[in-house]
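Okay, here's what each chain looks like letter by letter:
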Amino acid sequence: MPRAPKRAGSHRAAAPRPDMPNRFVFNPLRDQAVIDIGSNSVRLVIYRVEGRANAPILNEKVLAGLGRGVPETGKLNPIGVRRALEALRRFRLLVDAIGVQTIHAVATAAVRDASDGPEFVDQIRAETGFDVKIISGPEEGRLSALGVLAGAPGAGGIAGDLGGSSLELVSLSPDGPGKAESWPLGPLAMGVTDGFDVADMRQRIDTVLAKSDVLPLGRGTELHAVGGAWRAIAKIDMITRNYPLQVLHNYAMTRAEAITICDFVSGQSKRSLERIDGSTGKRAETLPYAATLLRALLDHGAFDSVIISSHGLREGILLEELSPEERAQDPLVAGAIAMIGSDPRMREFGEALFWWVMPVFEDLPRLFPDRRGEILRAAACMLADVGATLHPDDRARIAFEIVLRAPYPAASHIERVFLARVSARRYGAKLDEIEPNLVKRLLDEERLVRADALGAAIRLGAELSGRSAHLLTQTKLSHRDGKLTLSTSPEYKGLFAEQALKRLDQLGQTLKTPVATLVE
């Protein structure tokens, strides 16, 4: 049950209810590193972990190409081995300098398939001290699926993780990852070259996917696509559709949209793709293959949509390391708490604010499924002070951008825009002042008005109390006799200054409800 702020009388803010889970858990900070030795790249990511929230503070990769030639020779690419060891020696220096105590090092398809993979792992241990675990294909898929669930709790359908040598397919359910498969369908394993024959490649892919027991489980659901090649295809889709929010995580395409972009990309040359999106770089030559494979998955799995996940194996490893209590936390609220830092005053005010606005919003029609509206209110209240140190002239605009693009995982694009709109309105942005095209494209009218109302309520609470949790809890905002009523005791009636009452009027106008004040 959530912790409630102290209250002194019957007019104080609503108390927590037994049916409400704990939204506000404050976790210790710790740094963890994940080293991912893949078929194409060797990557180090150092995360700042705070319960269910994690954010990369260092992210480096080297395109070593360990898996190049493995299908033909059975051994790791010698140049790739040299490049990988050079990268790993640097990674050792970095984690030691930063002081990371917890290091997870894993090797995937190329190392597990090569006859000299164990020898390479021994060499890594001797030269760097990293204890690398070679994980199986199904285990790689399971961890990747855990990462998908870390970034999209409650996700269903199938997770598909495309690496340099393999494709992992895993069924998803609210209980976690289910059946997992690994297929040698990465571009290195398939011998992809620039200008490959698409029809011939599609036939080879179909022969493999026809054996899948996982794909039939995805019919009519979502494919959660993991991997840099599929993220690059999604970015091209954003560009060609003039999509207004350039955030890849949880970017969703309908089946028709996904088929259209796959057919387009699979017919392009490397040079053409680089002209569309110069950031594709070395990945451009494998994008037509990745698009051909994704198109085949859409056909074999009969998915209704494709959702891009920026979370995968590495985030799955982190999630598995959490305690049961930490895993039970909501990742969006945890991410919002992590964003505001360790200042206890900001955290206490955000929590108090959540309880304070609850009577205004809890009985309104639900605009988000399940309890997402409650979770979004909790996150918005925690972010109430995100612009506190910014210049007043810039607060609304910068707070909008910070909240819109923040590294919290578990938010759809609609939810990101909703929270950003709340933050902008909390700082007094006018209706169409900030990114009106983005806001109106992703938010329908009801959600737009609800975001404005929540922003106005947070602004009222902040100005009424001076962002003091103690003072806020000496007042109550509630519906009484058909009016939105702000009440307090005689001891605290001095809080009802002209500016605060102006904010109360603005909230009432947004909700189309008359307002009143009461001292009792």
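Residues numbered from 1 in each chain as written. Predicted model: local features only at pLDDT ≥ 70, side-chain atom pairs only at ≥ 80, totals over all residues. Heavy atoms only, no water.

Colleague: Pulling in residues and values, what's your account of the sheet that holds strand 6 (residues 157-162)?
Modeller: Strands sit in the order 8-7-6-9-11-10 across an open sheet of six strands; the sheet is mixed. At either end of the open sheet lies a strand with only one pairing partner, and these are strand 8 (176-183) and strand 10 (252-254). For this sheet the average axis-to-axis angle between neighbouring strands, irrespective of direction, equals 20 degrees. Here strand 9 (residues 222-226) runs beside strand 11 (residues 305-309); their pairing, made up of five bridges, is parallel. By the bridge assignment, histidine 224 is partnered in strand 11 with isoleucine 307. Relative to strand 10, helix 8 (residues 255-266) is tilted by about 95 degrees, and along the sheet it contacts strand 10 and strand 11. Against the sheet, helix 10 (residues 287-301) contacts strand 6, strand 7 (167-173), strand 9 and strand 11, and its axis sits at roughly 40 degrees relative to strand 7. (Pairing = 2+ DSSP bridges. Helix = DSSP H or I, 4+ residues; strand = E, 2+ residues; numbered from the N terminus. Axes fitted to C-alpha atoms, helices over the stretch in contact; angles between N-to-C directions. Contact = heavy atoms within 4.5 Å.)

Colleague: Tell me what's going on with the packing of helix 14 (residues 344-361) against helix 19 (residues 445-465), and back it up with residues and numbers.
Modeller: Orientation of helix 14 relative to helix 19, taken along the N-to-C sense of each, is 125 degrees, at an axis distance of 10 Å. Considered as vectors, helix 14 and helix 19 are oriented oblique to each other. You can see that helix 14 and helix 19 cross each other, and the crossing is right-handed. Facing Phe349, Leu353, Trp356, Val357 and Phe361 of helix 14, the residues of helix 19 in contact are Arg450, Ala453, Leu454, Ala457, Ile458, Leu460, Gly461, Ala462, Leu464 and Ser465. For the contact of helix 14 with helix 19, the per-class residue count stands at 12 nonpolar, two polar and one charged. (Parallel < 35°, antiparallel > 145°, perpendicular 65-115°, else oblique. Left-handed = near helix turned anticlockwise from the far one by under 90°. Nonpolar A, V, L, I, M, F, W, Y, C, P; charged D, E, K, R; others polar.)

Colleague: Provide a residue-level description of the pattern of salt bridges, including the pertinent values.
Modeller: With the rule as written, the count across this model stands at 34 salt bridges. Note that aspartate 452 and arginine 425 form a salt bridge whose closest N and O atoms lie 3.2 Å from each other. Taken together, the residues aspartate 452 in helix 19 and arginine 425 in helix 17 (residues 413-426) connect sequence positions 27 residues apart. Each member of the pair, aspartate 452 together with arginine 425, is buried. When salt bridges with common partners are traced through the structure, they connect Arg202, Asp206, Arg255, Asp263, Arg295 and Asp299 into a single cluster. (Salt bridge = Lys/Arg side-chain N within 4 Å of Asp/Glu carboxyl O. Buried < 20%, exposed > 50% of the residue type's maximum accessible area, 1.4 Å probe, protein only.)

Colleague: Residues and numbers for the environment of arginine 480, please.
Modeller: Mapped onto the elements, arginine 480 comes out in strand 12 (residues 475-480). A relative accessible area of 29% means that arginine 480 is categorised as partly exposed. Residues arginine 480 and glutamate 222, spaced 258 residues apart in sequence, show a C-alpha to C-alpha distance of 45 Å.

Colleague: Tell me about the domain arrangement of the protein chain, residues and numbers included.
Modeller: Entries for the protein chain in the domain assignment read domain 1 (29-134), domain 2 (138-313) and domain 3 (330-519). If you average the C-alpha positions of domain 2 and of domain 3, the two centres end up 37 Å apart. Each side of the interface is counted separately: domain 2 has 15 residues, and domain 3 has 13 residues. Across the domain 2/domain 3 interface, buried area totals approximately 1,100 Å², and carbon plus sulfur atoms make up 60% of it. At the surface where domain 2 touches domain 3, the tally comes to six residue pairs in polar contact (both at pLDDT 80 or more). Elements represented by at least two residues in the side of domain 2 that touches domain 3 include exactly helix 5 (137-151) and helix 7 (228-241). The residue inventory of the side of domain 2 that touches domain 3, partitioned by class, reads eight nonpolar, six polar and one charged. (Domains from an automatic or database assignment. Buried area = accessible area lost by both parts, 1.4 Å probe. Polar contact = N/O pair within 3.5 Å; in protein donor to acceptor, adjacent residues only side chain to side chain.)

Colleague: Report on the nonpolar core, specifying residues and quantitative values.
Modeller: Within the largest apolar cluster, 120 residues are counted, with the highest numbers of intra-cluster contacts made by Leu185, Trp230 and Leu293. The dominant element in this core, judged by the number of residues it contributes, is helix 14, at 11 residues. With residues up to four places along the chain from it excluded, the contact list for leucine 293 reads Leu162, Leu167, Leu185, Ile205, Leu209 and Trp230. Of all hydrophobic cores here, the second largest spans 30 residues; its members include Ile37, Val81, Phe91 and Ala110. (Core = buried A, V, L, I, M, F, W, Y, C linked by side-chain atoms within 4.5 Å.)

Colleague: If you had to explain the pairing of strand 14 (residues 515-519) to someone new, which residues and values would you point to?
Modeller: For strand 13 (residues 483-488) and strand 14, the ladder comprises five bridges, and the chain directions are parallel. Within the sheet, the bridge partner assigned to leucine 484 lies in strand 14 and is valine 515. Crossover connection from strand 13 via helix 21 (residues 498-511) to parallel strand 14: handedness right-handed. (Right-handed = clockwise from strand over helix to strand, strands pointing away.)

Colleague: Can you explain the side chain of serine 478? Please cite residues and give values.
Modeller: Its place among the elements puts serine 478 in strand 12. With residues near it in sequence (within four places) discarded, serine 478 still touches Pro359, Lys483, Leu484 and Thr485.

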